[in-house]
Amino acid sequence: MGIEEDRAVKAAQDTIVRETDQGYRVLGSPDESVTHQHDVDRIPEVDVTQEMILESGENPEAWLTYGGNYEQHRCTTADVITPDNVADLELEYVMHVGAGSSMEGTPLIVPGDPPVMYQSNGPNHVKAIDAREGETLWSYTYAVPSDVVLCCDDNNRGVAVLGDKVFMTTLDSGVVALNRYTGEEEWYTSTADHEEGYSATWAPVVYDGKLFTGSAGGEYGVRGFHTALDTETGEQLWHTWTSPEEEWVGDSIEQSCATNWMTATIDAEKGRLYLPVGNPGPDFDGSVRPGPNRNSAGTLAMDLETGERLWTHQESPHDVWDYDSAAPRILIRDLEIEHRDMTTDVVVSAGKTAWIYTMDSDTGELIERSEPGVQQLNMFKMIPHIDEGRRMAFMPGAMGGNDWQPPAWNPETGLAYFKMNNSPQEAWWRFEEYEEGKKYWGGILEDETEAVPEGYNDKISAIVAVDPETGQRVWRDWIEGSAYLWGGLLTTTTGLTFGGTQNGKFIAYDAETGDHLWEYDVGEVSIAGSPMSWYDPETEKQYVAIQIGGSGWLRRGTGGRDDRLAVFSMAA
C-alpha cells in the first residue's frame, strides 16, 4: 500500500498553515486524529526499557532519545564510516513521507529485526518505518485545533519512546501517547491553553516513568514553564514556572515569557534537568519589565523528581534583542579544565549571542566563555525606547548565533560543534497593549536592513567547532547563501561531523580539522532536519538519516517545501 492511500498522510496533507497578522494559523485539520496501519506485524514487540535508553549513546544500533543520549551528545559509536572511507558513502534510499510541511525533526531508531524508525514532521504527523527497507508500518496525524496560532510554522522536531509507547508534543500545547506497535492513541494531556498563545513543537524526553515537556509561545505574552507527566497515564506530576514572582520586578510576570521550547537534557546520575530558556517578554519593549528579567535567556537546572529550581545562568540580562537561548544543553562528565586545575561535570550552552558558555553542572558558575562563533557587531547596543521606528541593526540578529539548532559533542576530539547564523537584523520599539492570544512583541524585527553594520563579512552562516575547556574556536566553515542555516549536527567517534545546509548540501567534515570529506547535493531545498545514525547487524551496514525540507518563515531557499527522508549507508 502506498502513501497515496494512507488516510493519516491525507489528513496531514489537508492540514495547512496560513500566515496571518498573528502568525501561522492551522487550517483543515481532521475532526479526529487519524491512524492508518500498513504492516504493523513487522514491528518486533520488544518494549523499550529505561536501561536501553540509558545505554543508547553507547549502543551503535540505537538512537532512542532526541539527542542520541540523555546528555545530548548527538554522537554515534557506530564505526563503519570513517574519515578514510566516507567518500564512498552512498544513498541507500529516499522515502517521501507524504506530508512535508516542516522537516525539522530527528528520527529515533529502536533496534531489532527490523530496526524501527519513528519519524515526525509538521503538522503533528508521525510514522513507524521499517528502517531497513524504508517502508511505512503505520502513520498517525493529530487533529490540531483550527484556532491554534504559531509564531514560526507547524514544526515538530521528534518523538520520545518508552515501553510500548511513542510520545509526541502537539501544536496545541499537549502531549499525545501512541501505542508503539499499532499507532493508536493511548492518552492525551493538555499542558496549557493554546488560546492564550501556548504551543509545543519540540521532542519530549522520558526518564524513570516521567515525561518532561516545556512551553512555547514567547511571541504571545505567555509565561514559561516546565512540567512532568506520568508516562503511563499522562497525569501531571509537577509544574514549575521558569520565572518565579520573587525574582521578577513589577507586575508583568504573567507575560514574562522565558519559555522553554526545546528538549531538556537529563543528568541521570544527579537527578537533574538542564533547560534552555528563551527571551523575556515582550521581546523588544524592556520598559514594561524593569530589572534584569532573571531566569530568561539562559540555562535553568531543576530537580527532575520535584521540579525544584537548582540554579540559573543568564546570557543576556534584560534582553531586548530576542536572544533566546534555545539549543539543547550538552552535559559533559569529568571535563579536565587545566587552567583552573579542576575536573568536573559541565553544562555547555550556545545562545544567540554566538558565545559558547561552559558552566559547572553543580552550581551554574561560568567556567569559560568561548571566542565568538560568528560576528558580533552592534551587539547589546540598546534599542531606543523614545520614538517608534528608530531602527538599529545588530549582529548576531535574532536568528542567532545559535538558535534552536542542536549542537553535537565528540568525546574523542574534545570538540563541540555548532550551527550559527551570521546576518544582521533591525529591530525597533513600538508600544503594544497585551491582549490574550495575540502577538505581543513590543516592537518589530526586520530582516531587510537599511544598512549593514560596518565590518560585516557578508557570510550568512557558519558551522563552528569549539573547545569547551578553553573556549578556543578550533575551526569554522563559513557558508554563503540567502537563507538561514537550520537543523542540527551529528558527530561520530570515528572522527566525522555531519550537517546539512540551507543550500541543499549534506556535508561530512573531518571533525578535527573541518575539512570537507564528502558532500551530497539534495537539490535547492534547504535541509532543516538533524542527522542521526545507527548500525544494523543483519545488513552489516551503518546508516545515516536526514530529513530534507523547508521550515516555516525561515524557508527562504529557492526550493520551498519538501517531504524527503534520505538514508545513506556503508557496508562494514
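This text goes with the structure placed above it.
Residues numbered from 1 in each chain as written. Predicted model: local features only at pLDDT ≥ 70, side-chain atom pairs only at ≥ 80, totals over all residues. Heavy atoms only, no water.

Caption draft 1: Quick look at the side chain of Ser-199. When you line up the elements, Ser-199 lands in the loop between strand 14 (185–190) and strand 15 (205–207). What makes Ser-199 buried here is its relative accessible area of 7%. When near neighbours in sequence (up to four residues on either side) are disregarded, Ser-199 contacts Leu-150, Leu-171, Ser-173, Ser-215, Ala-216 and Gly-217. (Helix = DSSP H or I, 4+ residues; strand = E, 2+ residues; numbered from the N terminus. Buried < 20%, exposed > 50% of the residue type's maximum accessible area, 1.4 Å probe, protein only. Contact = heavy atoms within 4.5 Å.)

Caption draft 2: Structural context of the sheet that holds strand 4 (residues 75–76). The sheet built from five strands is open, its strands ordered 4-34-35-36-37 with mixed pairing. Each edge of the sheet is formed by a strand with only one pairing partner; in this case those strands are strand 4 and strand 37 (516–521). Both strand 4 and strand 34 (residues 489–492) contribute to a ladder of two bridges, which runs parallel. Of the residues in strand 34, the one forming a bridge with Thr-76 is Thr-492. (Pairing = 2+ DSSP bridges.)

Caption draft 3: Region of interest: the sheet that holds strand 7 (residues 116–121). Pairing within the open sheet is antiparallel, and its five strands lie in the order 3-9-8-7-6. Single-partner strands in this sheet number two, and they are strand 3 (34–37) and strand 6 (108–110). Here the average twist between neighbouring strands, direction ignored, is 20 degrees. The sheet contact formed by strand 8 (residues 125–130) and strand 9 (residues 135–141) spans six bridges and is antiparallel. Within the sheet, the bridge partner assigned to Lys-127 lies in strand 9 and is Ser-139. Contacting strand 3, strand 8 and strand 9, helix 1 (residues 7–14) crosses the sheet at an angle of about 50 degrees to strand 9. (Axes fitted to C-alpha atoms, helices over the stretch in contact; angles between N-to-C directions.)

Caption draft 4: Focus on the environment of Glu-480. Mapped onto the elements of the fold, Glu-480 is located in the loop between strand 33 (473–479) and strand 34. In sequence terms Glu-480 and Asp-387 are 93 residues apart; their C-alpha atoms lie 35 Å from each other. Setting aside its immediate chain neighbours within four residues, Glu-480 contacts Lys-459, Ile-460, Gln-502 and Asn-503. Polar contacts involving the side chain of Glu-480 include one to the side chain of Lys-459, which spans 2.8 Å. (Polar contact = N/O pair within 3.5 Å; in protein donor to acceptor, adjacent residues only side chain to side chain.)

Caption draft 5: Focus on the pattern of salt bridges. Overall, the coordinates contain 33 salt bridges when judged by the stated rule. Measuring nitrogen to oxygen at the nearest pair gives 3.1 Å for the salt bridge that ties Lys-270 to Asp-362. Here the residue Lys-270 occupies a position in the loop between strand 19 (265–267) and strand 20 (272–277), and Asp-362 occupies one in the loop between strand 25 (356–360) and strand 26 (366–369), the gap between them amounting to 92 residues. Using a relative accessible area of 32% as the deciding quantity, one classes Lys-270 as partly exposed. (Salt bridge = Lys/Arg side-chain N within 4 Å of Asp/Glu carboxyl O.)

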